[in-house]
Amino acid sequence: MVLCSTKRVGNIEVVDIEYNEDDSLAIHWGLFLQKSPLRIFGKSVQVVLHESMKQPKILVTRLPENVDYEDVEMFFENRRRFGDTKPLDIEFNEGDHSAILTYDTEFSASFVVNRSPMKMQGSELLLRKLPIDEIMGSDVVIADNGIGKEQTQLLIEDIPEDVDKEFVEMFFESRRFNSCEVIDVDFDEKDRNAVVQFAKPE
């Protein structure tokens, strides 16, 4: 009843509850993290994400040199830019001007990434979703994408079945990439990949 109360947690649907009577731990599926702590019979109850749920993460690079943790936090918690979507956790790396943002769902992470391009103090940020397996067990994330300064070609893999060569070209010339000019697309329908050649390395 507590977890379904719109007054306490808002319009959130509980899908299932596993109740452990030994230590009075209720494991539930829902977006309650931002509502923690809750009060049940006068006792404060902490809500944390269960370890079985993967937490999508976003690597943010090209942060301005003069920003700090609070600047990053304010930027990505801005309601006018991201609405109610905000990171659960922020790991700020001052050394390489980057940050790792942790979100509650894949939908939230995708929503933030799809807001690109976005600028912070005049610097255009680079946002990339990171698989959880590449981050667990390591405090270091290599931000370098391995692309040479003179390189003009990219290999695109795992292209969906309903996407053709023309769509790939239109996608990379869309406004989200600041009007990149595509010279050629070498499309392999069998292996569902393509080599895209751009007019300029940047």
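Residues numbered from 1 in each chain as written. Predicted model: local features only at pLDDT ≥ 70, side-chain atom pairs only at ≥ 80, totals over all residues. Heavy atoms only, no water.

For the protein, the name recorded in an unreviewed UniProt entry is RRM domain-containing protein, with Mya arenaria as its organism.

1. Here's the deal with the pairing of strand β13 (residues 193–198)
Relative to β13, strand β11 (residues 153–156) runs antiparallel, the two being bridged by four bridges. Counterpart to Leu-154 in the pairing with β13 is Val-196. One ladder, built from six bridges, connects strand β12 (residues 182–188) with β13; its direction is antiparallel. In the strand pairing of β13, Phe-187 is matched with Ala-194. Where β12 hands over to β13, the hairpin turn is made up of four residues, of which Arg-192 adopts a positive phi near 55°. (Pairing = 2+ DSSP bridges. Helix = DSSP H or I, 4+ residues; strand = E, 2+ residues; numbered from the N terminus.)

2. A word on a nonpolar patch on the surface
On the surface, Phe-167, Met-170 and Phe-171 cluster together to form a nonpolar patch covering roughly 290 Å² of accessible area. Inspection of the secondary structure puts Phe-167 in helix α5 (residues 165–172). (Patch = residues over 30% accessible without salt bridge, like charges linked within 9 Å, V, L, I, M, F, W, Y side chains within 5 Å. Areas by Shrake-Rupley, 256 points an atom, 1.4 Å probe, with all protein chains shown as cover. Salt bridge = Lys/Arg side-chain N within 4 Å of Asp/Glu carboxyl O.)

3. A short note on the packing of aromatic side chains
Throughout the structure, instances matching the rule amount to five aromatic pairs. With centroids separated by 6.4 Å and ring planes inclined at 65°, the aromatic side chains of Phe-75 and Phe-82 adopt a geometry described as edge-to-face. With a relative accessible area of 8%, Phe-75 lands in the buried category. Ring centres of Phe-172 and Phe-198 lie 6.0 Å apart, and the angle between their planes is 80°; this geometry places the pair in the edge-to-face category. One end of the pair, Phe-172, is in helix α5; the other, Phe-198, is in strand β13, with 26 residues separating them in the sequence. In this structure, Phe-172 and Phe-198 share a single accessibility class: buried. Members of the aromatic cluster, joined through ring pairs, are Phe-75, Phe-76 and Phe-82. When the ring centre of Phe-75 is taken as reference, the NZ or CZ atom of Arg-81 above it lies at 4.0 Å. (Phe/Tyr/Trp six-rings, centres within 6.5 Å; stacked < 30°, edge-to-face > 60°. Buried < 20%, exposed > 50% of the residue type's maximum accessible area, 1.4 Å probe, protein only. Lys NZ or Arg CZ within 6 Å of the ring centre and 35° of its normal.)

4. Focus on the sheet that holds β11
Reading across from one edge, β11-β13-β12 is the order of the three strands in this open sheet, with antiparallel pairing throughout. Edge positions in the sheet fall to β11 and β12, since each has one partner strand and no second. The sheet shows a mean angle of 15° between the axes of neighbouring strands, direction not considered. Helix-sheet contacts for α5 involve β11, β12 and β13, and the interaxial angle to β12 is about 140°. (Axes fitted to C-alpha atoms, helices over the stretch in contact; angles between N-to-C directions. Contact = heavy atoms within 4.5 Å.)

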